[in-house]
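An overview of the molecular structure
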Amino acid sequence: MAEPVFGNTRRATRRIRVVSSVGIVAAVLLAVLLVPPLVQLDQQAVDLAAKLRPPSWKHPFGTDDVGRDLLLRCVYGLRVSLLVGIVAGVTATVIGTAVGALAAAFGGWTDRIVMRLVDTFSSVPHLLLGIFIIAMFRPGVGPVIVSVALTHWLSTARIVRSEVLSLRSRPFIDAAISGGASRGRVVVRHLLPAVLPQAGLAAVLMVPHAMWHESALSFLGLGLPTHQASLGNLVQQARGSLLAGDWWPTLFPGLFLIIPTLALAGLAGAWRERINPRRRSELML
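Definitions and limits used
Residues numbered from 1 in each chain as written. Predicted model: local features only at pLDDT ≥ 70, side-chain atom pairs only at ≥ 80, totals over all residues. Heavy atoms only, no water. Salt bridge = Lys/Arg side-chain N within 4 Å of Asp/Glu carboxyl O. Helix = DSSP H or I, 4+ residues; strand = E, 2+ residues; numbered from the N terminus. Buried < 20%, exposed > 50% of the residue type's maximum accessible area, 1.4 Å probe, protein only. Phe/Tyr/Trp six-rings, centres within 6.5 Å; stacked < 30°, edge-to-face > 60°. Lys NZ or Arg CZ within 6 Å of the ring centre and 35° of its normal. Core = buried A, V, L, I, M, F, W, Y, C linked by side-chain atoms within 4.5 Å. Axes fitted to C-alpha atoms, helices over the stretch in contact; angles between N-to-C directions. Parallel < 35°, antiparallel > 145°, perpendicular 65-115°, else oblique. Left-handed = near helix turned anticlockwise from the far one by under 90°. Contact = heavy atoms within 4.5 Å. Nonpolar A, V, L, I, M, F, W, Y, C, P; charged D, E, K, R; others polar. 1 Å grid on protein atoms, 1.4 Å probe; cavity = no way out; pocket = protein on both sides within 12 Å on 5 of 7 lines; lining within 4 Å. Points joined across faces, edges and corners; volume = space filled by probe spheres on them. Patch = residues over 30% accessible without salt bridge, like charges linked within 9 Å, V, L, I, M, F, W, Y side chains within 5 Å. Areas by Shrake-Rupley, 256 points an atom, 1.4 Å probe, with all protein chains shown as cover. Arc of directions from axis to C-beta.

For the structure shown, the criterion picks out 4 salt bridges. Between aspartate 119 and arginine 116 there is a salt bridge, with the nearest N and O atoms lying 2.9 Å from each other. Of this pair, aspartate 119 and arginine 116 both sit in helix H3 (residues 108–122), 3 residues apart, which is roughly one turn of the helix. On the accessibility criterion, arginine 116 (47% relative accessible area) is partly exposed. One connected set of salt bridges, linked through shared partners, spans Arg116, Asp119 and Arg158.

Encoded structure:
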C-alpha cells in the first residue's frame, strides 16, 4: 500500500509545482506588460523628501536612496531583464542547435573540429568571456544580449549533438537514406524536428540563466547604463543602503530575480519529465 500512496503524493506535488510555476510566470508577464502602460508614473522621478522610506501603503516596496518607488523600478527592471533573458536565450539556443546538428549530421572531421572549438570556448569562464565581448561596445541592452548569447550556446550544442548521434542509428534514418534522401534533407526533415523538444527545453532553462548573467554584468557596472532600471543595477545601487541597515532596496529586486527563476525551473522540470519521463539527468546549463 505504501507505493501507490507514494506515487499519488509525488504526482500531487508535481501538479502543485507546475500550477504554482504557471501562476508565477503568468503574474510576471502580466506585470511587465500591463503595469508600465497602466500606471502613469515616471519610474525615474526623484523625490528626495521621500528617500529610503520603508514599505508602506503608498510605496509597497518602499523607496530607494533618491525617493523613487521601488515597486515600479522592480517591474521595469524585471521587464528589461526578461527581455535580455528571452532574446539571448533563444539566440543561444538557435546557435547551439545549428552547431550541434551540423557536427553530428556530418560527422568525421567536421564533428572533431566543431567539438574541439566548443571545448576551447568552454574552457574560458562565461563571465570572463562575456566581459571581454561587452567591453568592445557601449553599455546597453544590445551588447548584453550579444554577450550572453555568444557565451551560452555551448551546452545546447553538446545536448543537440548527443541527441542527433543517437537518432542517426535509428531505422527510419536508414530508410530515408536508402530511399535517396540527401544528407541535408535528412537533417531538416527528420533530425531537427526530433531534437526540437530538447532544444526548447534548453531555451526555457537558458532564460533564467541569461537573466542572472545580465544581473551579474550590471552589478559589476559592465552591463546596462546605471540610469536604466534592471535587476542587477537595482541590487548594485542598493549596496550602500544595505550597509546602512535599509534592507528593502536589496530584498525586493533580489526576490524579483529569484522567484521567476524558480518558476521557470519548475516548468522546465515538468517539461523534461513529459518529453522523456525515464530520463532524470539534469541539463547542465
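There's plenty left to go through after this.
Even without a glycine there, the phi angle at leucine 52 is positive, about 50 degrees. In this structure, leucine 52 sits in the loop between helix H1 (2–38) and helix H2 (70–106). Leucine 52 gets classed as partly exposed once you look at its relative accessible area, which sits at 25%.

Once that is clear, we can look at the packing of aromatic side chains. The full count for this structure, using the stated rule, is 5 aromatic pairs. Seen in terms of ring centroids, tryptophan 247 and tryptophan 248 are 5.6 Å apart; in terms of plane orientation they differ by 90 degrees. Their pairing is edge-to-face. You can call tryptophan 247 partly exposed: its relative accessible area is 43%. Tryptophan 248 sits in the buried class, given a relative accessible area of 6%. One aromatic cluster is present, built from ring pairs that chain together Phe61, Trp247, Trp248, Phe252 and Phe256. Above the plane of the ring of phenylalanine 219 lies arginine 239, whose end atom (NZ or CZ) is 5.4 Å from the centre.

With that out of the way, let us pick up the environment of alanine 229. Examined against the element boundaries, alanine 229 turns out to sit in the loop between helix H8 (183–219) and helix H9 (231–237). The class for alanine 229 is buried, based on a relative accessible area of 2%. Between the C-alpha atom of alanine 229 and that of serine 81, which follows or precedes it by 148 residues, the distance is 9.1 Å.

With that settled, consider the nonpolar core. Counting residues in each nonpolar core, the largest one holds 19 residues, and the members touching the most others are Phe61, Cys74, Leu78, Leu82, Met211, Leu231 and Phe256. Only H1, H2, H8, H9 and helix H11 (248–275) provide two or more residues apiece to this core. Sorting elements by how many residues they give to this core places H11 first, with 6 residues.

Two elements in contact, H2 and helix H5 (residues 141–151), have axes whose closest approach is 8 Å; the angle formed by their N-to-C orientations is 40 degrees. Taken together, the axis directions place H2 and H5 in an arrangement best described as oblique. Taken as a pair, H2 and H5 cross one another with a handedness that is right-handed. Where H2 approaches H5, its residues Val80, Leu83, Val84, Val87, Ala88, Thr91, Ala92 and Ile95 are matched on the opposing element by Val141, Val144, Ile145, Val148, Ala149 and Leu150. Counted by class, the contact of H2 with H5 contains 13 nonpolar, 1 polar and no charged residues.

This paragraph deals with empty space enclosed by the protein. The final tally for this structure, using the stated rule, is 1 cavity of 30 Å³ or more. Of the volumes computed, that of the largest cavity is approximately 70 Å³. Lining the largest cavity, in full, are Asp64, Asp65, Arg68, Leu70, Leu234, Gln237, Ala238, Ser241, Pro249 and Pro253. A class-by-class count of the residues in the lining of the largest cavity yields 5 nonpolar, 2 polar and 3 charged.

Bringing a nonpolar patch on the surface into the picture now. A grouping of Trp212, Leu242, Trp247, Leu251, Leu255, Ile258, Ile259 and Leu262 is seen on the molecular surface, where their side chains present a nonpolar patch of about 730 Å² in accessible area. Relative to the helices and strands, leucine 251 resides in helix H11. Residue class for leucine 251 comes out partly exposed when judged on its relative accessible area of 37%.

Of all the residues in helix H4 (residues 126–134), the buried ones are Leu129, Gly130, Ile133 and Ile134. The buried side chains of H4 occupy one side of the element, clustering within an arc of 130 degrees when seen end-on. Facing away from the buried side of H4 by more than 90 degrees, the exposed set consists of Leu128 and Phe132.

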